[in-house]
Amino acid sequence: MKQPDKTLGELQADLVAASQQLFEGDLGAADAWLNRPLRAIGYERPVDCMESAESVRTILDVIGRLEHGVFN
């Protein structure tokens, strides 16, 4: 899910939207997921990794893998 032409702010908005979509619009579940350490990103919380476009793209990739059932 590479998006090199988007700004950091646009990528961050995409990440929030993608997390909400992952949880079928459940904002509470999406927020909880964004604030939970994830093994896929070195046990960091997604909200703590939103300061660079590369990190946001990595988390978007994780969401894409979860949506398709790819867990490794």
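Per chain, residue numbering runs from 1 following the sequence as it is written. The predicted nature of this model means local features are confined to residues of pLDDT at least 70 and side-chain atom pairs, given and counted, to a pLDDT of 80 or more, with totals for whole chains, interfaces and linings taken over all residues. Working from all heavy atoms in the structure, the side-chain values ignore hydrogens and water.

Q: Explanation requested: the packing of helix α1 (residues 8–22) against helix α2 (residues 27–34) in the structure shown.
A: When two helices pack together, their arrangement is given by the angle between their axes and by how far apart the axes lie. Here α1 crosses α2 at 120°, and the two axes come no closer than 8 Å. Classified by the angle their axes make, α1 and α2 are oblique. Relative to α2, α1 is oriented so that their crossing is right-handed. Of the residues in α2, those touching α1 at L15, S19, Q20 and L22 are L27, A30, W33 and L34. To obtain an axis, a line is fitted to C-alpha atoms, over the contacting stretch when the element is a helix, and the angle between two such axes runs from 0 to 180 degrees between their N-to-C directions. Secondary structure elements are defined from DSSP: runs of H or I of at least 4 residues count as helices, runs of E of at least 2 residues count as strands, and each element is numbered from the N terminus. Note on terminology: angles under 35 degrees are roughly parallel, angles over 145 are roughly antiparallel, angles of 65 to 115 are roughly perpendicular, and the others are oblique. By the definition used in this description, the sense in which the near helix is turned from the far one sets the handedness, with an anticlockwise turn below a right angle giving left-handed and a clockwise turn giving right-handed. Contact definition: two residues touch when any of their heavy atoms are within 4.5 Å.

Q: Sorry, what's going on with unusual backbone geometry here?
A: A negative phi angle is the norm for most residues apart from glycine, just as the trans form is the norm for most peptide bonds. Although it is not a glycine, E24 adopts a positive phi angle of roughly 50°. Relative to the helices and strands, E24 resides in the loop between α1 and α2. The backbone of Y43 shows a phi angle near 60°, a positive value even though the residue is not glycine.

Q: Explain the side chain of S19 to me, please; I cannot follow it from the model alone.
A: Mapped onto the elements of the fold, S19 is located in helix α1. Once residues within four sequence positions are removed from consideration, S19 is found in contact with A30, W33, L34 and I63.

Q: Any chance you could explain the packing of α1 against helix α3 (residues 53–67) here in plain terms?
A: With their axes 10 Å apart at the nearest point, α1 and α3 run at an angle of 20° to one another. Taken together, the axes of α1 and α3 lie roughly parallel to each other. Crossing of α1 against α3: the hand is left-handed. The segment α1 lies against α3, with L8, L11, Q12, D14, L15, A18, S19, Q21 and L22 engaging A53, V56, R57, I59, L60, I63, L66 and E67.

Q: I would appreciate a short explanation of α1 in the present structure.
A: Given 3.6 residues per turn, any residue in an α-helix points the same way as the ones three and four places further on. Each residue after the first adds 1.5 Å to the expected span of a helix. With 15 residues, α1 should cover 21 Å at 1.5 Å per step; its first-to-last C-alpha distance of 21 Å lies within 8% of that length. For each residue, the accessible area found with a 1.4 Å probe, counting protein chains only, is set against the maximum for its type, and the residue is called buried under 20%, exposed over 50%, and partly exposed in between. The set of residues buried in α1 consists of L11, L15, A18 and S19. Buried residues in α1, looked at end-on, bunch into an arc of 100°, giving them a common side. Contacts from the buried residues of α1 go to α2 and α3. Immediately beyond the C-terminal end of α1, within one or two residues, lies E24, with a positive phi of roughly 50°. Note that the arc is computed from the directions linking the helix axis to the C-beta atoms.

Q: Hey, could you run me through the nonpolar core in this one?
A: Formed by 14 residues in total, the largest nonpolar core has its most connected members in L15, W33, I41, V56, I59, L60 and I63. Elements supplying a minimum of two residues to this core: α1, α2 and α3. Here this core gets 5 residues from one element, more than from any other, and that element is α3. Those residues in contact with I41, other than ones at most four positions away along the chain, are P46, C49, T58, I59 and V62. Buried residues of nine kinds, namely Ala, Val, Leu, Ile, Met, Phe, Trp, Tyr and Cys, make up a nonpolar core once their side-chain atoms join them within 4.5 Å.

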